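# Structural characterization, general
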Amino acid sequence: MNLFNYKRRNLGTGIHLLGAILLLASSIVLLSSVFIETADDLHKTLWVGLSAFTSGLIIINTYEGTLIDLDNKTIKEYFSFCGIKTGKWHKLPSLKAIKLVPIEEKTSNTPNGISPTISSIKFSYQIVLSFFPKKLIYTYSYNSKSEAQKKYKMLKENLLVDEFNGSLSKYT
């Protein structure tokens, strides 16, 4: 089964950042019990450390995404909770166009709400799929240009309909 899997999660922002912070905090709490010996608080320390660790793992492993079965031309929008993906498979309509679009945006940090302190230019690359009869559009964003190009090539080779490719090749 040839699958395209796009996960909508970023470990550096949002709720997933909280999960990463909880994992870091739990490791600090659990390691502190090794160096600081207090017999009556060891049970509480282990309980807090393991609770934070478990919560962090659950948060990091809960996300949304899209699966495209490139062989059967079906798509599944899913919700993943600790590796268990829920969602229904639907038949993909015919592909109208596929594009790789570079996105450049200026980001700034405004901690006091008035003046920005840090600004930078952020680059991302989006794969845009648009389909026939419906105005159905999917976009997939990547930070790495090479990863975006690899996924774009894979989708383009596997999703274009043969008749559509043949009709284009006759006129070019």
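Basis of the calculations
- Residues numbered from 1 in each chain as written.
- Predicted model: local features only at pLDDT ≥ 70, side-chain atom pairs only at ≥ 80, totals over all residues.
- Heavy atoms only, no water.
- Phe/Tyr/Trp six-rings, centres within 6.5 Å; stacked < 30°, edge-to-face > 60°.
- Helix = DSSP H or I, 4+ residues; strand = E, 2+ residues; numbered from the N terminus.
- Buried < 20%, exposed > 50% of the residue type's maximum accessible area, 1.4 Å probe, protein only.
- Axes fitted to C-alpha atoms, helices over the stretch in contact; angles between N-to-C directions.
- Parallel < 35°, antiparallel > 145°, perpendicular 65-115°, else oblique.
- Left-handed = near helix turned anticlockwise from the far one by under 90°.
- Nonpolar A, V, L, I, M, F, W, Y, C, P; charged D, E, K, R; others polar.
- Pairing = 2+ DSSP bridges.

### What about the packing of aromatic side chains?
Applying the stated rule across the entire model yields six aromatic pairs. Residues tyrosine 6 and tyrosine 142 carry aromatic rings whose centres are separated by 5.5 Å and whose planes lie at 75 degrees to one another, so their mutual orientation is edge-to-face. Of this pair, tyrosine 6 sits in strand S1 (residues 3–8) while tyrosine 142 sits in strand S8 (residues 137–142), placing them 136 residues apart in sequence. Since its relative accessible area comes to 12%, tyrosine 6 is described here as buried. Using a relative accessible area of 7% as the deciding quantity, one classes tyrosine 142 as buried.

### As for the packing of helix H1 (residues 14–35) against helix H2 (residues 42–60)
H2 packs onto H1 with a crossing angle of 155 degrees between their chain directions and a minimal axis gap of 7 Å. Accordingly, the angle class assigned to the pair H1 and H2 is roughly antiparallel. Seen from above, H1 lies across H2 with left-handed handedness. Here the contact of H1 with H2 is built from residues that sort into 16 nonpolar, nine polar and no charged.

### A few points about the sheet that holds strand S6 (residues 95–109)
Spatially, the three strands line up as an open sheet ordered S6-S7-S8, and their pairing is antiparallel. Each having just a single partner strand, S6 and S8 make up the two edges of the open sheet. The average angle at which neighbouring strand axes cross in this sheet is 25 degrees, direction not considered. Two strands pair when backbone bridges link them, and strand S7 (residues 118–131) and S8 are joined in this way by six bridges, in the antiparallel orientation. By the bridge assignment, glutamine 126 is partnered in S8 with serine 141.

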